[in-house]
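# Understanding the architecture of this molecule
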Amino acid sequence: MAILSMTVALVLALRVLSRREFLLTISVAFRVVLIATLLVALAVPSVGLVDENYQTGALKGLFVHRNLLAFMALVALATFLVVRRYRSHRASFFDIGLAVVCLAGAQSQTVFISAAATTLLVLMLRWTRRYSGFTRVLLGTASSCAVGLLVYLAIFAFADIASSLGRDSTLTGRTDVWPAVLEQIARTPILGLGWNAPWREGQPETQRMWRAAGFKMYHSHDGYLDMLLQLGVVGLGLMSIVLVVTLIVGIASYVGRGDELAVWSTSCAIVLVMVNLTESPSTNFFGHFVLVSAFLLARQRKPVATVSYRPVFLEGAR
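Residues numbered from 1 in each chain as written. Predicted model: local features only at pLDDT ≥ 70, side-chain atom pairs only at ≥ 80, totals over all residues. Heavy atoms only, no water.

### Structural notes on a nonpolar patch on the surface
We count it as follows: Patches here: salt-bridge-free residues with over 30% relative accessible area, like charges joined within 9 Å, nonpolar side chains (Val, Leu, Ile, Met, Phe, Trp, Tyr) joined within 5 Å. The method behind every accessible area is Shrake-Rupley, applied with a 1.4 Å probe, and residues are considered shielded solely by the protein chains displayed. Here, a salt bridge means any side-chain nitrogen of Lys or Arg that lies within 4 Å of a carboxyl oxygen of Asp or Glu. Only runs of H or I of at least four residues qualify as helices and only runs of E of at least two qualify as strands under DSSP, and these elements are numbered from the N terminus. For each residue, the accessible area found with a 1.4 Å probe, counting protein chains only, is set against the maximum for its type, and the residue is called buried under 20%, exposed over 50%, and partly exposed in between.
A contiguous nonpolar patch, built from Ile190, Leu191, Val233, Val234, Leu238 and Ile241 and spanning about 590 Å² of accessible area, is present on the exposed surface. Positionally, isoleucine 241 belongs in helix 11 (residues 223-256). Looking at isoleucine 241, the relative accessible area reads 52%, which means it is exposed.

Following this line, the structure appears as structure tokens:
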């Protein structure tokens, strides 16, 4: 019901707000959350900073884990960069700096790699826009292959990548988690255990995975495995379709029609594809919000909203 309600709310919001207004609205929300995160870390370090043996001192602020903060900070950064042309230079500089500080403070190597891959793709797509015809198709194909290569390396060369980043080749125990999760997935492959059904104390399936891994964990550390675990092949198939459609439509709008706002959907889709390799953003509510928002914005063509109401803080936007 929560997922359904969020999806319906986003559909209705984008019937009221244009894409520009929607992005300006969520940029305000991101600013508030990131400022509150830094204030919590400054005022109550025992709450706002990681105090475990691994990554001691990393920023987590309002979030239960620093990787969740890093994921939100990256999406926020993409949002701030897209809407900067509609806001003052001072406000844009402040917000971009805020997102960068939170992203760096979270110390999430997975999100750093995702940020680099997303930046590379967007720059290549921007370069591709200068050409037309066969040249554009060729460069677009090269861009897609580059992203595919990054994904391949992230999956099959994770040991070398982890070692180069100063981490152990098991990706902090992830390779112990994945076999335990795969064993459970084989038991309920079609529909899974249900949305957010696993990872709860007392659940027989959860206890079995904890015993197999040798320690307690509260997600699969892989968005695709977690989707299979929770919603089975059906859920993973739907998520994959939404991601692929968002990428195709977003890239076509950005490269083919010069739609600058479409780069937000493209960036968010790439971030989700990459971060899902070692984290589980698509199976939490914020990840679902990003996925559905990117999909809906990629498909939206209205330059302005169809109703007269505007939030007060949007009235001054250029």
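### Looking at the packing of helix 4 (residues 66-83) against helix 12 (residues 262-275)
A pair of packed helices can be characterised by two numbers: the angle between their axes and the separation between those axes. Going by this rule: Axes, fitted as lines to C-alpha atoms, cover a helix only where it is in contact. Angles between the N-to-C directions of the axes lie from 0 to 180 degrees. When describing relative orientation, an angle under 35 degrees is termed roughly parallel and one over 145 degrees roughly antiparallel, while 65 to 115 degrees is termed roughly perpendicular and anything else oblique. Handedness of a crossing follows from how the near helix is turned relative to the far one, being left-handed for an anticlockwise turn of less than a right angle and right-handed for a clockwise one. In what follows, residue pairs with any heavy atoms lying within 4.5 Å of each other are defined as contacts.
One can describe the packing of helix 4 onto helix 12 by two numbers: an axis separation of 10 Å at closest approach and a directional angle of 160°. In terms of orientation, helix 4 lies roughly antiparallel with respect to helix 12. Seen from above, helix 4 lies across helix 12 with right-handed handedness. Of the residues in helix 12, those in contact with Phe71, Leu74, Val75, Ala78, Thr79 and Val82 of helix 4 are Val263, Trp264, Ser267, Cys268, Val271, Leu272 and Val275.

### With respect to the nonpolar core
In plain terms, the rule: As used here, the term nonpolar core means buried Ala, Val, Leu, Ile, Met, Phe, Trp, Tyr and Cys residues forming a set that is joined through side-chain atoms within 4.5 Å.
Core analysis: the biggest nonpolar cluster contains 78 residues, and Phe22, Leu23 and Trp264 have the highest contact counts within it. In terms of residue count, the dominant contributor to this core is helix 4 (13 residues). Those residues in contact with leucine 23 that lie beyond four places of it in its chain are Thr79, Val82, Val83, Leu261, Trp264 and Leu297.

### A few points about the confidence of the model for the chain
In plain terms, the rule: In predicted models, pLDDT denotes the confidence assigned by the predictor to each residue on a 0 to 100 scale.
Mean pLDDT over the chain: 82, with 84% of residues reaching 70 or higher. Counting contacts from residues 303-310, a segment whose pLDDT is below 50, to residues more than four positions away or on other chains yields twelve contacts.

### Some words on helix 13 (residues 285-299)
Let me state the cut-off plainly: For a helix, the expected span equals 1.5 Å multiplied by the number of residues minus one. Here a polar contact is taken to be a pair of N or O atoms separated by no more than 3.5 Å, where protein atoms must pair a possible hydrogen donor with a possible acceptor and residues adjacent in sequence count only if both atoms sit in side chains.
Under the 1.5 Å per step criterion, the end-to-end length of helix 13 is 21 Å for 15 residues, consistent within 8% with the ideal 21 Å. Within helix 13, twelve of the 15 residues are buried, which leaves the element mostly enclosed by the surrounding structure. All of the buried residues in helix 13 are Phe286, Gly287, His288, Phe289, Val290, Leu291, Val292, Ser293, Ala294, Leu296, Leu297 and Ala298. At its buried positions, helix 13 is contacted by helix 1 (2-16), helix 2 (19-43), helix 4, helix 11 and helix 12. Where helix 13 begins, the capping side chain belongs to asparagine 284, and its oxygen is found 3.2 Å from the backbone nitrogen of phenylalanine 286.

### Observations regarding the packing of helix 1 against helix 13
Formally: Polar here means any residue other than Ala, Val, Leu, Ile, Met, Phe, Trp, Tyr, Cys and Pro, which are nonpolar, and Asp, Glu, Lys and Arg, which are charged; Gly is therefore polar.
Following both chains from N to C, one finds helix 1 and helix 13 inclined at 35°, their axes separated by 10 Å at the closest point. Where helix 1 crosses over helix 13, the two elements pack in a sense that is right-handed. Residue-level contacts link Ala2, Ile3, Met6, Thr7, Leu10, Val11 and Leu14 of helix 1 to Phe285, His288, Phe289, Val292, Ser293, Leu296 and Leu297 of helix 13. Split by residue class, the contact of helix 1 with helix 13 holds eleven nonpolar, three polar and no charged.

### Considering the layout of surface pockets
The following threshold applies: The way it works is a 1 Å grid over only the protein atoms, where trapped points that fit a 1.4 Å probe form a cavity and open points with protein on both sides within 12 Å along at least five of seven lines form a pocket, and then any residue with an atom within 4 Å of a point lines it. Grid points are joined across faces, edges and corners, and a volume is the space filled by probe spheres set on the points.
By volume, the second largest pocket amounts to about 420 Å³. If you go around the second largest pocket, you meet 18 residues; those closest to its centre are Ala78, Leu81, Thr119, Val122 and Ser267. Elements represented by at least two residues in the lining of the second largest pocket include exactly helix 4, helix 6 (109-128) and helix 12. By residue number, the principal contributor to the lining of the second largest pocket is helix 6, which donates six residues. Of the residues assigned to the lining of the second largest pocket, the class counts are eleven nonpolar, three polar and four charged.

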